[in-house]
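Structural features, examined
Residues per chain, in single letters:
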Amino acid sequence: MASVEYRNTRVAENREQIEKHVREILRLIGEDVDREGLLDTPARVTRMYEEIFSGYEANPQDVLGVTFDEQHEELVIIKDIIYYSQCEHHMAPFFGKVHVGYLPSGKVAGLSKFARLVDVVTRKLQVQERITSEIADILDEVLKPHGVMVVVEGEHMCMCSRGVKKYGSETITSAVRGSFRTDSTLRSEFLSLINR
Ligand SMILES: Nc1nc2c(ncn2[C@@H]2O[C@H](COP(=O)(O)OP(=O)(O)OP(=O)(O)O)[C@@H](O)[C@H]2O)c(=O)[nH]1
Ligand SMILES: [Zn+2]
């Protein structure tokens, strides 16, 4: 599989209904839905949903695509993979970076596939902890490596723009599988390389 750009086809199928409901929300918050600036907003929001909720239809295992045999059994790190997601509590954006490290056991995946995996796991309603463990579990399942470690950094708009309003606070989550669980030197090597 080369580059497949996923879209949420359910959103496309239900376009009219979604647009109608967005328009209704605008009306209910006190907006003039007929003013010029808002006329195309329901359609724009619907198109945006096709994109930001495109993760529902992808099979994350397939996204890793072609894996190949390679006898490199030392640490491989793909760091600073940017993601944008929506928190399932408020439907507010949260975003940041994913760092992945793994110890291959004879099978590696194309580097871009890690970024594609991050895209499909994050482009749906999520919580940061689940993003972290889903990525670790999928890599563990597909590549069957000696070990995997995933670190996710995130800034949550539901904590910045509303509620506690703590702009700039950062959430860091990690998940370890296989040898990363028991080998603290390996974890330290991974952390020092992603923080260098
Ligand atoms: N653990 C976790 N919590 C999250 C994530 N995204 C948002 N939240 C939290 O989900 C919680 C929802 O709490 P509720 O008390 O039901 O909602 P709320 O009244 O809007 O809470 P406040 O944000 O404290 O005003 C909040 O504490 C959010 O900060 C996430 O990715 N992981
Ligand atoms: Zn939230």
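Conventions used here
Residues numbered from 1 in each chain as written. Chains lettered and ligands numbered in written order. Predicted model: local features only at pLDDT ≥ 70, side-chain atom pairs only at ≥ 80, totals over all residues. Axes fitted to C-alpha atoms, helices over the stretch in contact; angles between N-to-C directions. Helix = DSSP H or I, 4+ residues; strand = E, 2+ residues; numbered from the N terminus. Parallel < 35°, antiparallel > 145°, perpendicular 65-115°, else oblique. Left-handed = near helix turned anticlockwise from the far one by under 90°. Contact = placed C-beta atoms within 7 Å. Core = buried A, V, L, I, M, F, W, Y, C linked by C-beta atoms within 7 Å. Buried ≥ 20, exposed ≤ 12 C-beta atoms within 10 Å, placed from the backbone. UniProt positions renumbered as here; feature names shortened; annotations may be inferred.

Our focus in this paragraph is the packing of helix α2 (residues 15–28) against helix α3 (residues 41–52). In the contact formed by α2 and α3, the axes pass within 8 Å of each other and the chain directions differ by 125°. Classed by the angle they form, the pair α2 and α3 counts as oblique. Handedness of the α2/α3 crossing: right-handed. Side by side, α2 and α3 meet where Arg-15, Ile-18, Glu-19, Val-22, Arg-23 and Leu-26 of the first sit next to Thr-41, Pro-42, Ala-43, Val-45, Thr-46 and Tyr-49 of the second.

If you look at the biggest cluster of nonpolar residues, it comprises 28 residues, and the most contacted ones within it are Leu-117, Ile-135, Leu-139 and Val-150. For this core, the secondary structure elements donating two or more residues are β3 (93–103), α5 (111–122), α6 (128–143), β6 (147–156) and α9 (184–194). Residue contributions to this core peak at six residues, all from α6.

Before going further, it helps to spend a moment on the UniProt feature "domain: GTP cyclohydrolase I" (unreviewed entry) in the chain. Taking the UniProt record as the reference, the feature "domain: GTP cyclohydrolase I" (unreviewed entry) is found at residues 18–194. Along residues 18–194 the backbone is 42% helical and 28% strand, and the end-to-end C-alpha distance reaches 41 Å.

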